[in-house]
Amino acid sequence: MNGIDAARVRTRHFAQAKAEGRRISALTSYDALTATIFDEAGIDLLLVGDSAANVVYGRETTLSMTVDEMAVMATAVAAAAQRALVCVDLPFGSYEVSEEQAVATAVRFMQETGVAAVKLEGGVERAGAIRRIVDAGVPVIGHIGFTPQSEHALGGAVIQGRGAGREKLRADALAVQEAGAFAVVLEMVPAEIAAEITAELDVVTIGIGAGDGTDGQILVWQDAFGLNRGRTARFVRQYADLGEQLLDAAKNYAADVADGSFPDEAESYEDTAR
């Protein structure tokens, strides 16, 4: 059995999928065109991630993303997706100051963009914020393990949950669940501990660099489909090489313009009124 069996994916379907042993597919999306394609493909969860800082805006980290920037992309994705559940990241600085700030940001996204859920990074330390957001009627996905917004505090893109870090990771997962999140992302953690946490939790786990023992998987779409032509992480499987295809197509277009073969007669208009 594969994927969530629903004409329109809702939060309740995540728990149902876990109970039935169905694996959940998730991809990032930042615009209406990719959202339409991924939705048609049957992807269960579309995440409007703050990873847009890297793959859309070309920035080094995710820290500079703003609520306004995220809201524009979230609105486009939510409008295009007819089946998938659309979730948006709360960007850095929009929820850490206080629980009240976290609720206000989450409520704004729900009111303005049409998404069905929000995601925020952190475990035990963010349990209060998660609980308050959920109490406000906003579904939440947690995110533990390597949390990109804490890249500098963690000392870089370092694998989490090794050695003594196993118990912290487990405590974070339980805290997120107890706070009311309906799913939790596990990023860059050993496969063994990710599988153990998945078995212990009632809520869905979605892995990225967490092995095959989680309830679902998520990748940044530009990594998975080869549009990101730079170095990618070990956990990325490339399903297409769109970067090379796009490069070849752009070269062919430039050549056709240069030699005058584009546009031809079929691609031009006639004055039919004469």
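Residues numbered from 1 in each chain as written. Predicted model: local features only at pLDDT ≥ 70, side-chain atom pairs only at ≥ 80, totals over all residues. Heavy atoms only, no water.

Looking at an unreviewed UniProt entry, one finds the chain named 3-methyl-2-oxobutanoate hydroxymethyltransferase, with Corynebacterium maris DSM 45190 as its source organism. Here is the UniProt Sequence similarities (unreviewed entry) comment for the chain, exactly as written: "Belongs to the PanB family." Among the UniProt annotations of the chain, the heading Subunit (unreviewed entry) holds the following wording: "Homodecamer; pentamer of dimers." (UniProt positions renumbered as here; feature names shortened; annotations may be inferred.)

Caption draft 1: Looking closely at the side chain of threonine 147. One can find threonine 147 in the loop between β5 (140-145) and α7 (151-154). Residues contacting threonine 147, with those up to four places away along its chain left out, are Glu121, Gly122 and Leu154. (Helix = DSSP H or I, 4+ residues; strand = E, 2+ residues; numbered from the N terminus. Contact = heavy atoms within 4.5 Å.)

Caption draft 2: Layout of a nonpolar patch on the surface. Taken together, Leu227, Leu242 and Leu246 make up a surface patch of nonpolar side chains, about 230 Å² in accessible area. Among the secondary structure elements, leucine 227 is positioned in the loop between α10 (221-224) and α11 (242-259). On the basis of relative accessible area, leucine 227 is assigned to the partly exposed category, the value being 31%. (Patch = residues over 30% accessible without salt bridge, like charges linked within 9 Å, V, L, I, M, F, W, Y side chains within 5 Å. Areas by Shrake-Rupley, 256 points an atom, 1.4 Å probe, with all protein chains shown as cover. Salt bridge = Lys/Arg side-chain N within 4 Å of Asp/Glu carboxyl O. Buried < 20%, exposed > 50% of the residue type's maximum accessible area, 1.4 Å probe, protein only.)

Caption draft 3: A look at the sheet that holds strand β2 (residues 45-48). Read around the barrel, eight strands follow the order β1-β2-β3-β4-β5-β6-β7-β8 and close on themselves; strand pairing throughout is parallel. When strand polarity is set aside, the average angle formed by the axes of neighbouring strands in this sheet is 25°. Direction of pairing for strand β1 (residues 24-28) relative to β2: parallel, over a ladder of three bridges. Paired with threonine 28 across the two strands is leucine 47, which belongs to β2. In this fold helix α6 (residues 127-135) packs onto β4 (117-121) and β5, with an angle of close to 170° to the strand it touches most, β4. (Pairing = 2+ DSSP bridges. Axes fitted to C-alpha atoms, helices over the stretch in contact; angles between N-to-C directions.)

Caption draft 4: Structural view of the UniProt feature "binding site: Mg(2+)" (unreviewed entry) in the chain. Here the UniProt-annotated "binding site: Mg(2+)" (unreviewed entry) positions come out as Asp50, Asp89 and Glu121. A stretch of 72 residues holds the annotated residues, and the largest C-alpha distance among them is 11.1 Å, short enough that they meet in one place. Along the polypeptide, aspartate 89 turns up in strand β3 (residues 85-89). Overall, the relative accessible area of 4% leaves aspartate 89 in the buried class. Contact partners of aspartate 89, with chain neighbours within four places excluded, come to Leu47, Val48, Gly49, Asp50, Met70, Phe109 and Lys119.

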